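Notes for the structure review
The residues making up each chain are set out below.
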Amino acid sequence: MAAVTRTETAEATRQALVRAASELLDQGGPDAVTLRAVGARAGVSRGAPYGHFENKGHLLAQLAINAWSSLADDVEHLRANLESTSDIRLERAVLALIDVARRRPHRYALMFSAPADTPAALKAAGRLEGVFLALVADVVGESDAPRYGALLMSSAHGIAGMELSGHLAKDTWRVSVEQLVHMLIDAIRHGIPAARDSP
């Protein structure tokens, strides 16, 4: 049996800390994520978290990066599924983003509130944007993909926010989240007149 190196041990500790922080975030939001609480949950020494993360902000940024990366993985798998049509793949990608907000609202909020000016955060968010834009381009073409992509991303964010806050009650609006997303993709697929007429 091969001996575990110090590098492997350090990486295992870091992963345990990130897992613990992710669980605390899901349960109690950012306020529940302290380096001390994360270390205790991960079962490591009190000083161990400080050896891996400069501060709480650094740890939360890592959680946001992981969330962007995980969603990018999911969207890449959706795009690779050539058994479905391009508009269905795009619809599922938009719903995947909304699903993060539904299942892990604190993580979703962190994704859009964590500073995006660090290289790692820019890379993680950029990777998702790239694969998402590729899906949009599959439906509307490359030249129109950026503006339609922005429309879809901002719409998904608004839909998720309204649903989480309770302002998207089906009794009031008589439409489900899934129906809204389908309507958006259908409108884009057929070309929204205002978008066609704009400069």
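Residue positions within a chain follow its written sequence, with the count starting from 1. Residue-level local features of this predicted model are given only where pLDDT is at least 70; pairs of side-chain atoms are given and counted only at 80 or more, and the full residue set underlies all totals for whole chains, interfaces and linings. Values reported for side chains reflect all heavy atoms of the structure, with hydrogen atoms and water molecules removed beforehand.

Naming follows an unreviewed UniProt entry, where the protein appears as TetR/AcrR family transcriptional regulator of Amycolatopsis samaneae.

1. Considerations on the overall build of the protein
A run of DSSP states H or I qualifies as a helix once it reaches four residues; a run of E qualifies as a strand once it reaches two. Both are numbered from the N-terminal end. In terms of helices and strands, the protein carries 11 helices and zero strands. Principal-axis analysis of the C-alpha atoms places the extent of the protein at approximately 60 × 40 × 35 Å. In this scheme, a residue with accessible area under 20% of its type's maximum is buried, one over 50% is exposed, and one in between is partly exposed, where area comes from a 1.4 Å probe on protein chains only. In the protein, buried positions account for 39% of the 199 residues. Looking at the protein alone, contacts between residues at least 24 apart form 65% of all its contacts between residues at least 6 apart. Note on areas: these come from Shrake-Rupley sampling with a 1.4 Å probe, and a residue is covered only by the protein chains present in the view. Here the protein has roughly 11400 Å² of accessible surface; of this, 55% comes from carbon and sulfur atoms. Contacts: residue pairs with any heavy atoms within 4.5 Å of one another.

2. Digging into the UniProt feature "DNA-binding region" (unreviewed entry) in the protein
The UniProt entry lists residues 34-53 under the feature "DNA-binding region" (unreviewed entry), expressed in the numbering used here. The span residues 34-53 is 65% helix and 0% strand, and its two end C-alpha atoms sit 11 Å from each other. UniProt positions are given in the numbering used here, feature names are shortened, and annotations may be inferred rather than shown by experiment.

3. With respect to the pattern of salt bridges
In what follows, salt bridge is the name for a side-chain nitrogen of Lys or Arg lying within 4 Å of a carboxyl oxygen of Asp or Glu. Evaluation of the coordinates by the stated rule reveals 13 salt bridges. A salt bridge links Asp87 to Arg189, with the nearest nitrogen and oxygen atoms 3.2 Å apart. Of this pair, Asp87 sits in helix 5 (residues 86-103) while Arg189 sits in helix 10 (residues 177-190); the two residues are 102 residues apart in sequence, bridging distant segments of the chain. Note on Asp87: relative accessible area 18%, which makes it buried. Given the relative accessible area of 41%, Arg189 is considered partly exposed. Three or more residues joined by partner-sharing salt bridges are found here, namely Asp26, Arg104 and Arg107.

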